[in-house]
Every structure is written in C-alpha cells, then in structure tokens.
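Tertiary structure, described
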Amino acid sequence: MRTRPGIRALQYVAVVCYLVFLGFPLLWLISSSLKSPQEFASITPSLLPKHFDLSNYSDALNEQGLVRGLGNSLQISVYSTILVLIVALPVSYALARFRSRLRPLTNGWILVSQVFPVILIVIPLFMILRPLHLTNTIPGVVIVYMVWSLPFALWMLQGYVAAVPRELEEAASVDGAGRIRTIVSIVMPLLRPGLIATAMFTFISAWNEFFFALVLLQDPQLKTLPLVLARFVGAEGQVQFGPLAAASVLATVPSLVFFAFLQRRLTSGLLSGAVKG
C-alpha cells in the first residue's frame, strides 16, 4: 500500500520539527558558549553571537577542574556499565528462562525499586558504605550506580532474552553444548541490541547523576562532572553563563561520542539478527 504524497509530506514536516525541537537547545548552548559577557548582559538576546569569544572555553578548562571531573565521570560511568552488564546478563537469563514462584515477586520488586525517591535511600546507603570505607571513593560511587541501574537493566534484558526462541537453545543442547556454551555462543550474539541499549542507559544514567555523587564525594579531586558544573554558580547565586555554557558543551561531547559509537553497533546488531532470523 503506497503512502499518499500529502501524508508523506506531513511525515517529513513532523520529523523536521522534531529534529529542530531536539537540536535547538544544543544549538543555543553552543552559541552561548561563544558569546562575550557583554552579549549576555544585552537586553535583546540573539541566537548567534556577534563576536566569537573562545575565552569561555579556556576559563572552563583552566579554572574549574573540568578535565579532572570529566575523567572521574568517565571512569565511574565505564566501570558502572561493565559491572551492570556482567551482573544483569545471567540474572535476566535466569528470570526469563527458569520459572518459579519467586519470579513474579522478583519482577514486582524490580518495578517497585524504581519508585523510591533518591532522597529516601541516599542516607541509608551512606550509613552502609561508611563502615566499609567506601564513602568518598570512586569504587563506592561505582557500586551505588550499579545497584541503582541494575533493576531497570534487568527489566530491559529480560524482555530481550524472552524474545530469543527456545528452539535455538534446544538445538544447541542436542548438539552437545552445555548451558554456559549455549549462552555464550547462541544467546549473547542475539542479545547484542539489548546489551547495547542497556549499556547506553547505564552509561548516560551514571554520566548525568548528581545527587549520589554530591552526598558520597567530598574530596575535590574526586568530584564528577555534574558537581564541577554546579561550581559555576557563585556563592551569591551569580552564574558564569559563558564558562558554564562552554563547560556544558565539553561535557556533552563524550556522551554524544559514546552514543554514536554504540548506535552503529546497535544498528549492525539489529541487521545481523534480521539476517540470521
């Protein structure tokens, strides 16, 4: 059934409007990072800067410890993502394949755990981590991020595992493959899109997280990128708009690169699964 030209034109218009809606804040942010303080004080704001001022980037890099915060956030996000995938894959496989009376309770607890506000659990977490000497440390924050992201990762991967036909595992079992060999050789390649989507969610969640890091990290050398960005607001509430915009642009680049890199793998995984199917 062919699509009418008028409907197709409306679809293109809707896509363009959606792209503009998503891209305009980033465009405004980049434009603001190139404006001088005089332009920020102007009564009539403009979208594009009248004179490109790169001093905001130098101020952000030299005065606020942005590079160190970026390194801390990158380290925490990568470690959290790896640990979540290592734990979530076998657990989600067990939840999807092995039926028991505890399965509905486990799935219910996974959903309920996402309802609790962060403010209710941050103090108990702090009290648990302090005797273990994990407060004010990178490993402690990684553990917290992993625990916080794990329920949603389990929920996502469980659906992907359930979509893998059991007949493939049964055929591998007939050929003499054990459970672990079947998971590694048969199930994991088909779960590539799910693993990549889970990795994206976990990485972005850890990259943007602010409240846990604010409570658990006191050492300025361990501050994550969101905490560093918060320091661009002075004690009297005066915001350094130029350096803050420049720092925000620099903070956005790694997540965009990570997303673009994994998106290519996600597309190839989907096409590979379609060909194999």
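Within each chain, residues carry numbers counting from 1 in the order of the written sequence. Per-residue local features are limited, in this predicted model, to residues with pLDDT of at least 70; the limit for side-chain atom pairs, both in listing and counting, is 80 or more; totals at the level of whole chains, interfaces and linings are taken over all residues. Side-chain descriptors were evaluated using all non-hydrogen atoms of the structure, hydrogens and water having been removed beforehand.

**Observations regarding the packing of helix α4 (residues 66–97) against helix α7 (residues 138–163)**
Packing of α4 against α7 leaves a shortest axis separation of 6 Å and a crossing angle of 40 degrees. Here α4 runs over α7; the crossing is right-handed. Axis lines are fitted through C-alpha atoms, for helices just across the contact stretch, and the angle between N-to-C directions can take any value from 0 to 180 degrees. By definition, any uninterrupted DSSP run of H or I lasting at least four residues is a helix, any uninterrupted run of E lasting at least two residues is a strand, and each is numbered from the N terminus. By convention the crossing between two helices is left-handed if the near helix lies anticlockwise of the far one by an angle smaller than a right angle, and right-handed if it lies clockwise.

**Looking at the domain arrangement of the protein**
Domains assigned within the protein are domain 1 (23–53) and domain 2 (63–276). Here domain 1 and domain 2 have C-alpha centroids that lie 34 Å from each other. What makes two residues a contact is simply this: any of their non-hydrogen atoms within 4.5 Å. On the side of domain 2, seven residues touch domain 1, which itself brings six residues to the contact. Only one rule defines a salt bridge in this text: a Lys or Arg side-chain nitrogen within 4 Å of an Asp or Glu carboxyl oxygen. Along the contact surface separating domain 1 from domain 2 lie zero salt bridges. If one sorts the elements of the side of domain 1 that touches domain 2 by residue count, helix α1 (residues 5–33) sits on top with five residues. Marked domain ranges trace back to an automatic or database domain assignment.

**Focus: the packing of aromatic side chains**
Only rings of Phe, Tyr and Trp enter the pairing, Trp through its six-membered ring, and a pair is recorded when the two centres are within 6.5 Å. The plane angle decides the type: under 30 degrees is stacked, over 60 is edge-to-face, the rest tilted. A complete count under the given rule lists four aromatic pairs for this structure. Ring geometry for F24 against W28: centres 6.1 Å apart, planes inclined by 40 degrees, an arrangement best described as tilted. Of this pair, F24 and W28 both sit in helix α1, separated by four residues, roughly a single helical turn. The classification of residues rests on relative accessible area computed with a 1.4 Å probe and restricted to protein chains. Under 20% of the type maximum is buried, over 50% is exposed, and intermediate values are partly exposed. For F24, a relative accessible area of 40% puts it in the partly exposed group. Relative to F212, the ring of W148 has its centre 5.6 Å away and its plane inclined at 75 degrees; by these criteria the two rings are edge-to-face. Here W148 is found in helix α7, whereas its partner F212 is found in helix α11 (residues 211–216), with 64 residues between them in sequence. A relative accessible area of 1% means that F212 is categorised as buried.

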